Amino acid sequence: MRLVLIVALCMLLSGCAKLMFATANTATLTFDGDIIENLRYGNLNRQQLDVFIPENPKNKNMPVVVFFHGGRWSFGSKSQYQFVGTRLASMGYVAVLPNTRLYPQVKFPTFVEDAAAAVAWVQRNITDYGGSEKLFISGHSSGAHIGALLVADESYLTNAGADADKLSGFIGMAGPYDFTPKADDLKDIFGPPEQFREMAVTHFIDGSEPPFALMYSEDDETVHRQNLERLATRIRAKGGKVHTFIYETGGHTGTVAALSWANPDNLPVTHDMQQFIQKYSR
């Protein structure tokens, strides 16, 4: 039975998106915690977030993980990634999954500004849901880019009324942290060219950031490994803290798929996240 479901998940990762997310999200059927959906952090339709709370938490002061989904800055929804929220909650964290506005409705940096507004909401309100000030930012692919940029360029959080100094860490999966847009849609999203450096996470690293955990699969054909290497090198050069986790398999989606119950590539992402969060939650 498990093999059948893993095959179904692999089909999803290969392009059958509806089937894949439906399979991964069966975890919500057995999740005994609480899911509070569509809380508004702004007035627009996409400015909503979901909160996942563990069942019978050991304390009312749990670490918080805000996770931004991927989708090339142009597609995807928090509802597709409920398996991430339930897995993080099962690990003992309050998980928050926001939506942001997407291209072509908006262009850079509007979706980053939305993400900052979501984090500001979390800092103001998450204690009502059992969360603490121990706040970690996470994301996959374009969501990892957005999250990392929030951490590196403090102006987004400051302008949103959030406190960048209270972030505990960042966990990025397959993030495009430092690249030059070449595809037409990416040029349109991040252009004009003189603005490109403003979307490069490495451009803003000064060593004052909280610790980074960067996860990547060697056989990722969507995001090149140099994104991780450039960011990690820059952080180390500036005296910051960075942990890298390079997995042999998994492709572009393997790291986030590892948070599903199926974990088709058997990656130790959950363990690595747990170790990182515990280390920097003390």
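Draft legend 1. How the structure looks around helix α3 (residues 82–90). Burial of α3 is extensive: 7 of the 9 residues sit out of reach of the surface. Just downstream of α3 lies Gly 92, where phi reads positive at about 100 degrees.

Draft legend 2. Representation of the pattern of salt bridges in the model. According to the stated counting rule, one finds 9 salt bridges in the structure shown. Where Arg 197 meets Glu 198, a salt bridge forms, and the shortest distance between an N and an O atom there is 3.7 Å. On the basis of relative accessibility, which here comes to 29%, the residue Glu 198 falls in the partly exposed class.

Draft legend 3. Quick peek at the nonpolar core. Of all hydrophobic cores here, the largest spans 59 residues; its most connected members are Val 51, Phe 190 and Phe 212. A total of 9 residues in this core trace back to one element, the largest contributor, which is helix α4 (residues 110–125). Those residues in contact with Phe 212 that sit more than four places away from it in its chain are Ala 148, Val 151, Phe 170, Ile 205, Leu 231, Ile 235, Lys 241, Val 242, His 243 and Phe 276. Formed by 31 residues, the second largest nonpolar core is a distinct cluster that contains Ala 24, Val 84, Met 173 and Phe 276.

Draft legend 4. Unusual backbone geometry, seen in detail. Going from Tyr 103 to Pro 104, the amide bond is cis rather than trans, its omega being 10 degrees. Along the chain, the position of Pro 104 falls in the loop between β4 (94–98) and α4. In this chain, Phe 108 is followed by Pro 109 through a cis amide linkage whose omega measures 10 degrees. The phi torsion at Ser 141 lies on the positive side, around 60 degrees, for a residue other than glycine. Residue classification places Ser 141 among the buried residues on the basis of a relative accessible area of 10%.

Calculation rules
- Residues numbered from 1 in each chain as written.
- Predicted model: local features only at pLDDT ≥ 70, side-chain atom pairs only at ≥ 80, totals over all residues.
- Heavy atoms only, no water.
- Buried < 20%, exposed > 50% of the residue type's maximum accessible area, 1.4 Å probe, protein only.
- Helix = DSSP H or I, 4+ residues; strand = E, 2+ residues; numbered from the N terminus.
- Salt bridge = Lys/Arg side-chain N within 4 Å of Asp/Glu carboxyl O.
- Core = buried A, V, L, I, M, F, W, Y, C linked by side-chain atoms within 4.5 Å.
- Contact = heavy atoms within 4.5 Å.

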